[in-house]
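Observations on chain architecture
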Amino acid sequence: MSDTLFQKIIDREIPAEIVYEDELSLAFKDINPVAPNHILIIPKKHIAKIADAKLEDKALLGHLMYVAGEIARKLGIEDAFRLVVNNGADAQQTVFHLHIHLIAGRPFNWPPG
Ligand code: 5GP
């Protein structure tokens with residue numbers, strides 16, 4: 001069990017602009033977008049960070065990546081987007097419920113910083 005902010009969004013205890021949902025995952029707009037399109041894709045199962053994922057979570061992790069592509073196609077941004085997963089506080093993770101940032105709609109630099 002977990003009481004993170006994102007669990008509250010899953011449970012509809014706090015509002016979010018939901019763009020996709022299925023039995024395993026939820027996707028919603030980031031409240032503080034860093035690009036014109038900034039979506040967070042999360043598993044409904046609580047996994048605090050990617051390094052905590054177990055072998056049994058492999059299919060779920062693949063599902064999240066598939067969903068990212070599906071949302072990108074739905075939004076018409078499939079030709080240029082970036083997926084980011086911050087793992088740990090020193091990597092700027094602030095919410096400890098695994099999430100993939102789907103970011104698009106502005107120029108990107110590399111290395112990402
Ligand atoms: P992290 O820094 O953990 O990789 O990303 C957490 C993200 O959650 C941030 O981009 C932040 O803007 C977003 N966020 C924080 N609180 C809320 C909230 O209440 N609602 C939504 N939709 N996004 C949030």
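Above this text is the structure in question.
Here's a quick rundown of the structure. In this text the structure is predicted, and so the values were computed from the model without any measurement. (Residues numbered from 1 in each chain as written. Predicted model: local features only at pLDDT ≥ 70, side-chain atom pairs only at ≥ 80, totals over all residues. Heavy atoms only, no water.)

With respect to the side chain of Gln 93
Its place among the elements puts Gln 93 in the loop between strand E4 (82-84) and strand E5 (100-104). One polar contact links the side chain of Gln 93 to the main-chain carbonyl oxygen of Val 95, over a distance of 3.0 Å. Setting aside its immediate chain neighbours within four residues, Gln 93 contacts Ala 48, Lys 49, Asn 86, Asn 87, Gly 88 and His 99. (Helix = DSSP H or I, 4+ residues; strand = E, 2+ residues; numbered from the N terminus. Polar contact = N/O pair within 3.5 Å; in protein donor to acceptor, adjacent residues only side chain to side chain. Contact = heavy atoms within 4.5 Å.)

What to know about unusual backbone geometry
Trp 110 connects to Pro 111 through a cis peptide bond whose omega is 5°. Tracing the backbone shows Pro 111 in the segment after E5. One non-glycine residue with positive phi stands out, namely Arg 12, at about 65°. Within the chain, Gln 92 stands out as a residue other than glycine whose phi angle is a positive 75°. Relative to the elements of secondary structure, Gln 92 occurs in the loop between E4 and E5.

Re the layout of surface pockets
Unfilled space is identified by rolling a water-sized probe across the atoms. In this structure, the largest pocket spans a volume of roughly 760 Å³. When its residues are assigned to classes, the lining of the largest pocket shows 16 nonpolar, 10 polar and five charged. (1 Å grid on protein atoms, 1.4 Å probe; cavity = no way out; pocket = protein on both sides within 12 Å on 5 of 7 lines; lining within 4 Å. Points joined across faces, edges and corners; volume = space filled by probe spheres on them. Nonpolar A, V, L, I, M, F, W, Y, C, P; charged D, E, K, R; others polar.)

As for the site of the ligand
Residues in contact with the ligand amount to 16 residues; listed here are only the nearest, Asp 30, Gln 92, Thr 94, His 99 and His 101. A distance of 2.7 Å separates an oxygen atom of the ligand from a polar atom in the backbone of Gln 92. For the ligand, an oxygen atom lies 2.8 Å from a polar atom in the side chain of His 99. In the complex, 84% of the free accessible area of the ligand, which totals 520 Å², lies under the protein chains. (Near = heavy atom within 4 Å. Areas by Shrake-Rupley, 256 points an atom, 1.4 Å probe, with all protein chains shown as cover.)

So, the environment of Ala 104
Within the fold, Ala 104 resides in strand E5. As for Ala 104 and Leu 75, which are separated by 29 residues in sequence, their C-alpha atoms are 9.9 Å apart. Dropping the residues within four chain positions of it, Ala 104 is found in contact with Ala 35, Pro 36, Asn 37, Ile 77, Ala 80 and Phe 81.

Considering the pairing of strand E2 (residues 25-29)
Counting buried residues along E2, four of its five residues qualify, which places the element largely inside the surrounding structure. With three bridges connecting them, strand E1 (residues 18-21) and E2 associate as antiparallel partners. Within E2, the residue paired with Ile 18 across the bridge is Phe 28. Between E1 and the antiparallel strand that follows it, E2, lie three residues. (Buried < 20%, exposed > 50% of the residue type's maximum accessible area, 1.4 Å probe, protein only. Pairing = 2+ DSSP bridges.)

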